[in-house]
Amino acid sequence: MIKLKEITQITGGRLIGDEEVEIRGLSSIKYAKEGDLTFLFRRSFIDEAKSTKASALIVGEDADPKELTVKNIVVTKDPYAAFIKLANLFVKKEEEGEFISPLAHISSDAKIGRKVKIYPFVYVGSGVEIEEGVVLYPFVYVGDRVIIGENSKIYAHVTLYEGVKIGKRVIIHSGTVIGSDGFGYRWTGKEHEKIPQIGTVEIEDDVEIGANVTIDRATLGKTLIKKGTKIDNLVQVGHNVEIGEDSIVVAQVGIGGSTKIGNRVIIAGQAGIRDHVRVGNGVKIGGQTGVTKDVKDGQEVLGTPHMDRKEWARLQFYLRKLPELFTKIKRLEQKTETGELK
């Protein structure tokens, strides 16, 4: 538990209410109960905030405490930043220490650092290097010559094919496969001949990869995910793709082979990017967009095939007008046929 006066200090906020109130946990506005702290991120949730059962509420400086029924309110510059700070206090931390389960298979020439945790049914292949503080949960497969940087966390049922390199402080969620063969075939006239995929995958520091993501190994060279990038669940990254620093890739995105994506790019859900495309720095790609050619730095694109956001918005306006336009045309045709228009 933590008292409101400590929460006020941590968030740098201003308290209206009782600083001695104890908080047991964090919750959403709707499901909060006594002892919980909740957050008003947007004014659109003001009605829910009025009926919340939380013991305390964190709001922004634009909120009017007089509108709220909660007795204890912490006013902050940025409620979302405050939430992140406090949520980190309530996150269940990995217990310190080190162990290797006797039910794990560790190759005799694998190098295992200090404070490493390897749970039952993990497989660690030949020539693997696992640095300090790494956690491998049950049923992780680590192929030959894989390198995993310090303090990385690999959740259950992740597969790391041979030769893959994982940076420091990387988080990989369950079911993800990194380093499977790229989708490469040559049509001989009789059959699809497989092109050997002999490259690798490199994941740089501070990357987080969601559940059931697939990142293919390069045909030659490497598929590269640069530092700080975050990838959501169910994303497909093709062979020889490069994703720049601090980019965001949302769920169900598909990225074709040999595509190069810049730094600080946002790719919204279900977008598709064809192979060999160049996407510049700071680009924003809307949900379900089909990117068919290069996108310049800073552009915002939507639609299939993709177009500038303003052009897309104008097109949507015209599309909504189509039924009305067709009705007018039909009336004009009828008048022409009956001779009302000459």
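Before reading further, recall that the structure is shown in the block above.
In this report, we go over the structure that sits alongside the text. Predicted model, so just to flag it, every value in this text is computed and none were measured.

### Examining helix H4 (residues 309-338)
In an α-helix, one full turn covers 3.6 residues, which means residues spaced three or four apart are oriented alike.
So, point 1. The end-to-end C-alpha distance of H4 is 44 Å, a good match for the 44 Å that 30 residues give at a rise of 1.5 Å each.
So, point 2. Its axis deflected by about 45° at Leu322, H4 carries its strongest bend there, up to four residues before the proline Pro323.
So, point 3. You can read the cap of H4 off the contacts: a side-chain oxygen lies 3.0 Å from the backbone nitrogen of Lys310, and it is on Asp308.
So, point 4. Two residues or fewer after H4 comes Gly339, characterised by a positive phi angle close to 85°.

### Quick look at the pattern of salt bridges
Side chains that differ in sign of charge can pair as their charged atoms come close.
So, point 1. Scanning the model with the defined rule gives 14 salt bridges in all.
So, point 2. Between Asp36 and Lys33 there is a salt bridge, with its nearest N and O atoms 3.6 Å apart.
So, point 3. Arg274 serves as the salt-bridge partner of Asp275, at 3.5 Å between the closest nitrogen and oxygen.
So, point 4. When salt bridges with common partners are traced through the structure, they connect Lys3, Lys5 and Glu20 into a single cluster.

### Comments concerning the sheet that holds strand E36 (residues 278-279)
So, point 1. On the basis of which strands lie adjacent, the open sheet formed by nine strands has the order E10-E13-E16-E19-E24-E27-E30-E33-E36 and parallel pairing. Across the chains shown, the open sheet's two edge strands, defined by having one partner strand only, are strand E10 (111-112) and E36.
So, point 2. Across two bridges, the pairing between E10 and strand E13 (residues 129-130) is parallel. Its bridge partner being in E13, Lys111 is matched across the sheet by Glu129.

The rules behind each value
- Residues numbered from 1 in each chain as written.
- Predicted model: local features only at pLDDT ≥ 70, side-chain atom pairs only at ≥ 80, totals over all residues.
- Heavy atoms only, no water.
- Helix = DSSP H or I, 4+ residues; strand = E, 2+ residues; numbered from the N terminus.
- Expected span 1.5 Å × (residues − 1).
- Bend = angle between axes of the 7 residues up to and from the residue.
- Polar contact = N/O pair within 3.5 Å; in protein donor to acceptor, adjacent residues only side chain to side chain.
- Salt bridge = Lys/Arg side-chain N within 4 Å of Asp/Glu carboxyl O.
- Pairing = 2+ DSSP bridges.

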